[in-house]
Amino acid sequence: HGIRSVWIWVTAATLTVATVAYFTRPIQRLIATQQAGTTKSAYDRYIQADELLVRFDKAGNVDKAISSLEESIRQDPRFALAYAALARAHYLEYRGKRDPALLQKATEECNQALALDAQLAPVHVTLALIHNINGRTALAMHDIEQAVRLDGRSAEVYAAQADVLKGAGRTL
């Protein structure tokens, strides 16, 4: 009898949390859009691309993300996060194709994002990875340290930091 009551309570609580999360998601998106300082449409394109880049290993995802981010930037040319994500997408594309022009493109997009907002950790993460691949250890370390300062709770930041430290022959 006691276990059944607990199970019912846990199920009800879970459904309540899921319902609240479902109905507040549009509000959270609106707030995030306003904080990003862009339009809802440009932000939605950015989110779509970001979700695709989570599975960058899946065929076609990086290309779809690039297309979505380019559209986001067309809609809002001052959307720094979109430039940062586009740089990451081109970096990931480089890892598959090894075309140096892609790293150059990613670097230019990072520079554009930094010109718009130098306080974005994702830009510093991508720059650190680019510098790391090019053997520029000091620059990679500087950028990853900046990313940690800006977003010390991001798993992406710490994964990149591990790559940079490995490239430098160091560990945490």
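Coordinates for the structure precede this section.
First, a word on what this report is: a plain description of the structure on this page. Remember, it's a predicted structure, so these values are computed and weren't measured experimentally. In every chain, residue numbers begin from 1 and rise along the written sequence. In keeping with the predicted nature of the model, local features appear solely for residues at pLDDT of at least 70, side-chain atom pairs appear and are counted solely at 80 or more, and the whole-chain, interface and lining totals rest on all residues. Here the side-chain values reflect all heavy atoms present in the structure, with hydrogen atoms and water set aside.

Aromatic rings from Phe, Tyr and Trp, with only the six-membered ring used for Trp, were paired whenever their centres fell within 6.5 Å, and each pair was classed as stacked if the ring planes differed by under 30 degrees, edge-to-face if by over 60, and tilted otherwise. A full pass over the atoms with the stated rule returns 2 aromatic pairs. Residues Tyr43 and Tyr46 carry aromatic rings whose centres are separated by 5.9 Å and whose planes lie at 40° to one another, so their mutual orientation is tilted. You can see Tyr43 and its partner Tyr46 sitting in helix α2 (residues 40-54), 3 residues apart, about one turn around the helix. You'll find Tyr43 and Tyr46 in the same group, each marked buried. Here Tyr46 and Phe79 contribute two aromatic rings whose centre-to-centre distance is 5.5 Å and whose plane-to-plane angle is 65°, an arrangement assigned as edge-to-face. Of the two residues, Tyr46 sits in helix α2 while Phe79 sits in the loop between α3 (61-75) and α4 (80-97), which places them 33 residues apart along the sequence. Overall, Tyr46 belongs to the buried group, its relative accessible area being 11%. Three or more aromatic residues joined by ring pairs make a cluster, and in this case those are Tyr43, Tyr46 and Phe79. Helix numbering and strand numbering both begin at the N terminus, where a helix is a DSSP run of H or I of at least 4 residues and a strand a DSSP run of E of at least 2. Classification of residues uses two cut-offs on accessible area relative to the type maximum, computed with a 1.4 Å probe and protein chains only: under 20% is buried, over 50% is exposed, and between them is partly exposed.

Take Gln75: it is sitting in helix α3. With 32 residues separating them along the chain, Gln75 and Tyr43 place their C-alpha atoms 9.5 Å apart. Not counting chain neighbours up to four residues away, the residues in contact with Gln75 comprise Thr39, Ser41, Ala42 and Arg45. A polar contact of 2.7 Å, which involves the side chain of Gln75, links it to the side chain of Ser41. In this analysis, two residues are considered to be in contact whenever any of their non-hydrogen atoms come within 4.5 Å of each other. Here a polar contact means two N or O atoms within 3.5 Å. Within protein one must be a hydrogen donor candidate and the other an acceptor candidate, and residues neighboring in sequence count only if both atoms are side-chain atoms.

With that out of the way, let us pick up the nonpolar core. Here, nonpolar core refers to any group of buried Ala, Val, Leu, Ile, Met, Phe, Trp, Tyr and Cys residues whose side-chain atoms link them within 4.5 Å. Among the nonpolar cores identified, the biggest contains 46 residues, and Tyr46, Leu53, Leu69, Val123, Val125 and Ile144 are the most heavily contacted of them. Elements that contribute at least two residues to this core include exactly α2, α3, α4, α5 (100-116), α6 (121-133), α7 (137-150) and α8 (155-167). If sequence neighbours within four positions are ignored, Ile144 has contacts with Val125, Ala128, Val157, Ala160, Gln161 and Val164.

Let us look at the packing of α7 against α8. Any two packed helices are characterised by how steeply their axes cross, that is the angle between the axes, and by the distance between the axes. The axes are straight lines fitted to the C-alpha atoms, using for helices just the contacting stretch, and the angles between their N-to-C directions are given from 0 to 180°. With their axes 10 Å apart at the nearest point, α7 and α8 run at an angle of 160° to one another. It follows from the interaxial angle that α7 and α8 lie roughly antiparallel. Seen along the crossing, α7 lies across α8 with a hand that is left-handed. The residues of α8 that touch α7, namely those facing Ala140, Met141, Ile144, Ala147 and Val148, are Val157, Tyr158, Ala160, Gln161, Val164 and Leu165. Throughout this entry, Asp, Glu, Lys and Arg are counted as charged residues, while Ala, Val, Leu, Ile, Met, Phe, Trp, Tyr, Cys and Pro are counted as nonpolar. The remaining residues, Gly among them, count as polar. Of the residues assigned to the contact of α7 with α8, the class counts are 10 nonpolar, 1 polar and no charged. With respect to orientation, any angle under 35 degrees is reported as roughly parallel, any angle over 145 as roughly antiparallel, any angle of 65 to 115 as roughly perpendicular, and every other angle as oblique. With the far helix as reference, a near helix turned anticlockwise by less than a right angle produces a left-handed crossing, and one turned clockwise produces a right-handed crossing.

Turning our attention to the layout of surface pockets. The method works on a 1 Å grid over the protein atoms by themselves. A cavity is a set of points holding a 1.4 Å probe that cannot get out, a pocket is an open set with protein on both sides within 12 Å along at least five of seven lines, and residues with an atom within 4 Å of a point line them. Grid points are joined across faces, edges and corners, and a volume is the space filled by probe spheres set on the points. Of the pockets and cavities examined, the largest pocket occupies roughly 330 Å³. Lining the largest pocket are 15 residues, and of these Phe56, Arg88, Leu92, Leu129 and Glu156 sit closest to its centre. Broken down by secondary-structure element, the contributors of at least two residues to the lining of the largest pocket are α2, α4, α6 and α8. Approximately 280 Å³ is the volume found for the second largest pocket. Along the walls of the second largest pocket sit 14 residues, with Tyr46, Leu81, Pro122, Asp151 and Glu156 positioned nearest its centre. Mapped onto the lining of the second largest pocket, the elements with two or more residues apiece are α2, α4 and α6. It is α4 that provides the largest number of residues to the lining of the second largest pocket, a total of 4 residues.

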